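Breakdown of the fold
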Amino acid sequence: MNWQLLRPEYLAERPEWTLEDIHLTFFKCIRWQFEETMDPINCPYHYFCDSVYPGNYSPVVDILVLVFAAASYLATLFIMVMEISGRGQASNLSKSYLLPSGPVFLPLILLALAKGYRINTIFPLSLAGPAILQLVHVSALSFDNGAAKDIKYVFFESSTISGILHASMYLDSILLPYYTGLDALMSSSFSGECDSCVCRKEKLIVGGTLVSYRGWSVTTFLVVGALFSRIICKVCGERTGKIMHVRLLLEGLGWILITIDCIYLSANIPAEGLMLGVAAFGGIFVLICLYGLKKACNQIMKWQS
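All residue numbers refer to positions counted from 1 along the written sequence of the respective chain. Restriction of local features to residues with pLDDT of at least 70 applies here, the model being predicted, together with a cutoff of 80 or more for giving and counting side-chain atom pairs; totals for whole chains, interfaces and linings are based on all residues. Calculated side-chain values reflect all of the structure's heavy atoms, with hydrogen atoms and water omitted.

Section: the packing of helix H3 (residues 59–84) against helix H6 (residues 125–142)
Taken N-terminus to C-terminus, the directions of H3 and H6 make an angle of 30°; their axes are 11 Å apart at the nearest point. By the angle between their directions, the pair H3 and H6 is classed as roughly parallel. Crossing handedness for the pair H3 and H6: left-handed. Residues Val65, Ala69, Ser72, Tyr73, Thr76 and Met80 of H3 lie in contact with H6, whose contacting residues are Leu125, Ile132, Leu135, Val138 and Ser142. Every angle, taken between N-to-C directions, lies between 0 and 180 degrees, and every axis is a line fitted to C-alpha atoms, over only the stretch in contact when it is a helix. A run of DSSP states H or I qualifies as a helix once it reaches four residues; a run of E qualifies as a strand once it reaches two. Both are numbered from the N-terminal end. Our angle categories are set so that under 35 degrees counts as roughly parallel, over 145 as roughly antiparallel, 65 to 115 as roughly perpendicular, and the remainder as oblique. In a left-handed crossing the near helix is turned counterclockwise from the far helix by less than a right angle, and in a right-handed crossing that turn is clockwise. For this analysis, residues touch if any pair of their heavy atoms sits within 4.5 Å.

Printed below as a string of structure tokens:
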């Protein structure tokens, strides 16, 4: 993907623009207005931004969210490494409180994503948000609190399902304006009638066409389906049979799509957030590889026993 319009040399061609102007006008626009054009050949579709999200929070808020996201990731990484080493099998219930998909961290993630359109300075959630949702997906699929009692297990898994669905919707409220503005900026030409007035050869659609990733996606529904099938298995007490096969299928497909999404997002990191994107999605890919190593170690131990 060509991200040259977001580079400093492009801004130098338009000295009246700053990166902050682009963020506020294009990436936070929640309503693009179409208007009739007098030049149907060169400018068949003319749009301008009619409404934008409020301004950004203080950078202090971004730093707090960054520290929280890093702590969530490190907790997941630590627990996964401990399980691979064979020293993390006890107190599954207590571990769930430390996970991004658990009852402590997940509500805080929801709070951050719900206000994510205003967290856009040091740690912009328009770039890091997909990695945070993927962290929740990985956490939910990697750890199964099967030792908990039925009622407690159902409660925890149900709250995780609800949290994942809400997180996906909140993330899309950040991504859709961002991706739409990105398409408007990169696939259009400025008409000069106003700061956000652009001419296009094709219609501008919600979410744009440059990046196809969405929080509310097949990946999310596969993860939710896998968690729901775990609840059914737990309540019915089934360890074999059709329900277990469905659960394993949903979990496997979920991992495949999480991996595909991670690779896709890594290949479509904008130039302005290259370091952040590499760190975020590189970290997610490390967790995916560790989970694969964990499953391989478990399988080897079964063969040896």
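There's more to say after this.
Focus on the packing of aromatic side chains
For this analysis, a ring pair means two rings from Phe, Tyr or Trp (six-membered ring only for Trp) whose centres lie within 6.5 Å, classed as stacked if their planes differ by under 30 degrees, edge-to-face if by over 60, and tilted for the remaining angles. Going through the model one piece at a time under the given rule, you end up with twelve aromatic pairs. With 5.5 Å between their ring centres and 50° between their planes, phenylalanine 26 and tryptophan 32 make a pair best called tilted. For the pair formed by phenylalanine 26 and tryptophan 32, the shared burial category is buried. Note on tryptophan 216 and phenylalanine 221: the rings are 5.0 Å apart at their centroids and 85° apart in plane angle, and the pair reads as edge-to-face. Only protein chains enter the accessibility calculation, which uses a 1.4 Å probe; a residue whose area is less than 20% of its type maximum is buried, one above 50% is exposed, and one in between is partly exposed.

Quick notes on the nonpolar core
Nonpolar side chains in soluble globular proteins tend to be buried together. As used here, the term nonpolar core means buried Ala, Val, Leu, Ile, Met, Phe, Trp, Tyr and Cys residues forming a set that is joined through side-chain atoms within 4.5 Å. Counting 69 residues, the largest nonpolar core has Trp32, Leu125, Val138 and Tyr213 as its most contacted members. At 13 residues, helix H7 (residues 150–186) tops the list of elements feeding residues into this core. For tryptophan 32, the residues in contact, after removing those within four places along its chain, are Thr25, Phe26, Tyr47, Phe48, Cys49, Thr180, Gly181, Ala184, Ser196 and Leu204.

Focus: the side chain of glutamine 134
Position of glutamine 134 relative to the elements: it lies in helix H6. Beyond its immediate chain neighbours, meaning those up to four positions away, glutamine 134 contacts Tyr213, Ile258, Asp261, Cys262, Leu265, Phe281 and Ile284.

Quick look at empty space enclosed by the protein
Residues are said to line a cavity or pocket when one of their atoms sits within 4 Å of a point; the points come from a 1 Å grid over protein atoms alone, cavities being sets where a 1.4 Å probe fits but cannot get out and pockets being open sets with protein on both sides within 12 Å along at least five of seven lines. Grid points are joined across faces, edges and corners, and a volume is the space filled by probe spheres set on the points. In total, this model carries three cavities of 30 Å³ or more according to the counting rule given. In this model, the largest cavity occupies a volume close to 130 Å³. Going through the elements one at a time, H6, H7 and helix H10 (274–304) are the ones with two or more residues in the lining of the largest cavity. Per-element tally for the lining of the largest cavity: the top contributor is H6, with three residues. Each residue gets one of three labels, nonpolar for Ala, Val, Leu, Ile, Met, Phe, Trp, Tyr, Cys and Pro, charged for Asp, Glu, Lys and Arg, and polar for the others, Gly among them. Across the lining of the largest cavity, the residue classes break down as ten nonpolar, four polar and no charged. Taken as a whole, the second largest cavity holds about 80 Å³ of empty space. Taken together, Phe27, Lys28, Tyr53, Gly116, Tyr117, Ile119, Asn120, Ser126, Ile174, Pro177 and Tyr178 form the lining of the second largest cavity. Ranked by residues supplied to the lining of the second largest cavity, first place goes to H7 with three residues. Taken together, the residues of the lining of the second largest cavity break down into seven nonpolar, three polar and one charged.

Description of a nonpolar patch on the surface
Patch rule: a residue counts if its relative accessible area is over 30% and it has no salt bridge; like charges are joined within 9 Å, and nonpolar side chains (Val, Leu, Ile, Met, Phe, Trp, Tyr) within 5 Å. In these tables, accessible area is a Shrake-Rupley quantity obtained with a 1.4 Å probe, and a residue counts as shielded only by the protein chains included in the view. By salt bridge we mean one thing: a side-chain nitrogen of Lys or Arg within 4 Å of a carboxyl oxygen of Asp or Glu. A cluster of nonpolar residues, Ile63, Leu66, Val67 and Ile122, forms a patch on the protein surface that exposes about 330 Å² of accessible area. Here isoleucine 63 shows up in helix H3.

Observations regarding the layout of surface pockets
Taking a probe equal in size to a water molecule and rolling it over the atoms shows the remaining empty space. In this structure, the second largest pocket spans a volume of roughly 270 Å³. Lining the second largest pocket are 14 residues, with Ala69, Ala70, Tyr73, Ala279 and Ala280 positioned closest to its centre. Elements with a minimum of two residues in the lining of the second largest pocket: H3, H6 and H10. Counted by class, the lining of the second largest pocket contains 13 nonpolar, one polar and no charged residues.

Some remarks on the state of the cysteines
Two cysteine sulfurs form a disulfide in these notes if their separation is within 2.5 Å. Enumeration according to the criterion identifies two disulfides in this entry. Cysteine 29 shares a disulfide with cysteine 49; S-S distance 2.3 Å. Its S-S torsion of approximately 115° makes the covalent link between cysteine 29 and cysteine 49 right-handed. Here the residue cysteine 29 occupies a position in strand S1 (residues 29–35), and cysteine 49 occupies one in strand S2 (residues 45–52), the gap between them amounting to 20 residues. Judged by its relative accessible area of 15%, cysteine 49 is buried. Disulfide pairing is shown between cysteine 43 and cysteine 199; the S-S distance is 2.2 Å. Here the S-S torsion is close to -90°, and the disulfide linking cysteine 43 with cysteine 199 is therefore left-handed. Of this pair, cysteine 43 sits in the loop between S1 and S2 while cysteine 199 is found in strand S4 (residues 198–200), placing the two residues 156 residues apart along the sequence. Note on cysteine 43: relative accessible area 5%, which makes it buried. By relative accessible area, which is 12% here, cysteine 199 ends up buried.

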